[in-house]
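Below are the chains, spelled out letter by letter.
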Amino acid sequence: SNLHEDLDVETMARRSLMSPRTFARRFRAETGSTPHAWVTRQRVQRAEELLVGESLLDLGSCFGFFALRAARRGWRVTASDLCPGTMALLARVAPDLGAPLRTVAGDAAATGLPDGYADTVTALHLLEHVPPAAGRAILAEAVRLAALRLHEVIGRVAPDDYLDEIFSTFCIGK
């Protein structure tokens, strides 16, 4: 699967030898969805397939869509983000959505949580928003926190290949 690639409409249309407009129209007719919505759904499903154990720490949760989904499916979830307001909002709405979870506002590179805090640690759509040095620090923290598995980005990553260096150093699926 190519879910780790930058799969925008222009790229998919070019690969299909169609104009972006024609590709989007045909894609919607075939799947009932826009290409972006379909790719996002596939990435989330793939992330769920990779979860192991019983507990999840989601670094860079933003509004917590993935964390909420996992909590509703029975995972013991901690959502973490740099923005305290976002985490406060998530903490308020999660119980009403049948998704009990814990929220932590703070830096993904220095969470203050203990070693092996969660069975699975995710950093979905986080690393592409930070410079390489910050990405290295976040991945080092994620490895420290993961009791069983570290699952990194599903989506586009920063243009350099520092992740290859990091993942050749750290074990995924301890």
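Residues numbered from 1 in each chain as written. Predicted model: local features only at pLDDT ≥ 70, side-chain atom pairs only at ≥ 80, totals over all residues. Heavy atoms only, no water.

**Comments concerning the overall build of the chain**
Inclusion rule: Elements are defined by DSSP. Helices are runs of H or I of four residues or more, strands are runs of E of two residues or more, and each kind is numbered from the N terminus. Think of it in three bands: with a 1.4 Å probe and only protein chains considered, a residue is buried below 20% of the maximum accessible area for its type, exposed above 50%, and partly exposed in between. Whether two residues touch is decided by their heavy atoms; if any such pair falls within 4.5 Å, the residues are in contact. Using a 1.4 Å probe, the Shrake-Rupley method yields the accessible areas, and only the shown protein chains count as cover for residues.
Across its full length, the chain holds seven helices and five strands. Starting at the N terminus, the α and β elements of the chain follow one another as α-α-α-β-α-β-α-β-β-α-β-α. Burial analysis of the chain (174 residues in total) assigns 42% to the buried set. Within the chain, counting contacts between residues at least 6 apart in sequence, those at least 24 apart form 63% of the total. Put simply, the chain shows about 9400 Å² of open surface, and 55% of that area lies on carbon and sulfur atoms.

**A short note on helix H4 (residues 65-72)**
For H4, the full list of buried residues reads Phe-66, Ala-67, Leu-68, Ala-70 and Ala-71. Positive phi appears at Gly-74, one or two residues downstream of H4, with a value of about 100 degrees.

**A look at the nonpolar core**
A general feature of soluble globular proteins is that nonpolar side chains tend to end up buried together. Which entries qualify depends on this criterion: Nonpolar core, defined: a set of buried Ala, Val, Leu, Ile, Met, Phe, Trp, Tyr and Cys residues in which side-chain atoms within 4.5 Å join the residues together.
In terms of nonpolar packing, the biggest core is built from 16 residues, with Leu-56, Val-77 and Leu-101 touching the most fellow members. Mapped onto this core, the elements with two or more residues apiece are H4, strand E2 (76-81) and helix H5 (84-93). When residues of this core are assigned to their parent elements, the largest contribution, five residues, is made by H4. Excluding residues that lie within four positions of it along the chain, Leu-56 makes contacts with Leu-51, Phe-66, Ala-70, Trp-75, Arg-76, Val-77, Thr-78, Ala-118, Thr-120 and Thr-122. Counting 15 residues, the second largest nonpolar core, distinct from the first, contains Leu-59, Leu-113, Leu-139 and Ala-142.

**Describing the pairing of strand E1 (residues 55-59)**
As a reminder, the rule being used: Pairing between strands is defined by DSSP: at least two bridges between them are needed. For a crossover, the right-handed case is the one in which the path from the first strand over the helix to the second runs clockwise, viewed with the strands pointing away from the viewer.
Within E1, five of the five residues are buried, leaving the element largely enclosed by the surrounding structure. Of the two faces of E1, the one holding Ser-55, Leu-57 and Leu-59 and the one holding Leu-56 and Asp-58 are both buried throughout. In this structure, E1 lies alongside E2, joined through five bridges in parallel fashion. By the bridge assignment for E2, Leu-59 is matched with Ser-80. Note that the unit made of E1, H4 and E2 has a crossover that is right-handed. Summarising the sheet, E1 and strand E4 (residues 118-122) pair through three bridges and their orientation is parallel.

**A closer look at unusual backbone geometry**
With phi around 60 degrees, Leu-17 is a residue other than glycine that occupies positive phi space. Relative to the helices and strands, Leu-17 is located in the loop between helix H1 (9-15) and helix H2 (20-31). We classify Leu-17 as exposed; its relative accessible area is 79%. A positive phi is found at Cys-62, a non-glycine position, where the angle reads about 55 degrees. Take Cys-62: it is sitting in the loop between E1 and H4.

**So, the confidence of the model for the chain**
What counts, and what does not: As a per-residue measure, pLDDT tells how confident the predictor is, with possible values from 0 to 100.
Per-chain confidence: the chain averages 79 in pLDDT, with 76% of residues scoring 70 or above. Here residues 153-174 scores under 50 on pLDDT; set against residues more than four positions off or in separate chains, the count is 46 contacts.

**Details of the environment of Ala-13**
Within the fold, Ala-13 resides in helix H1. Here Ala-13 is in contact with Met-18, Ser-19, Pro-20 and Phe-23, once residues within four sequence places are set aside.

**Brief notes about the environment of Arg-102**
Within the fold, Arg-102 resides in strand E3 (residues 102-105). Here Arg-102 falls in the partly exposed class, since its relative accessible area comes to 42%. For the pair Arg-102 and Ala-71, spaced 31 residues apart in sequence, the C-alpha to C-alpha distance is 9.8 Å. Discounting chain neighbours no more than four positions away, the residues touching Arg-102 are Val-77, Thr-78, Ala-79, Leu-113 and Tyr-117.

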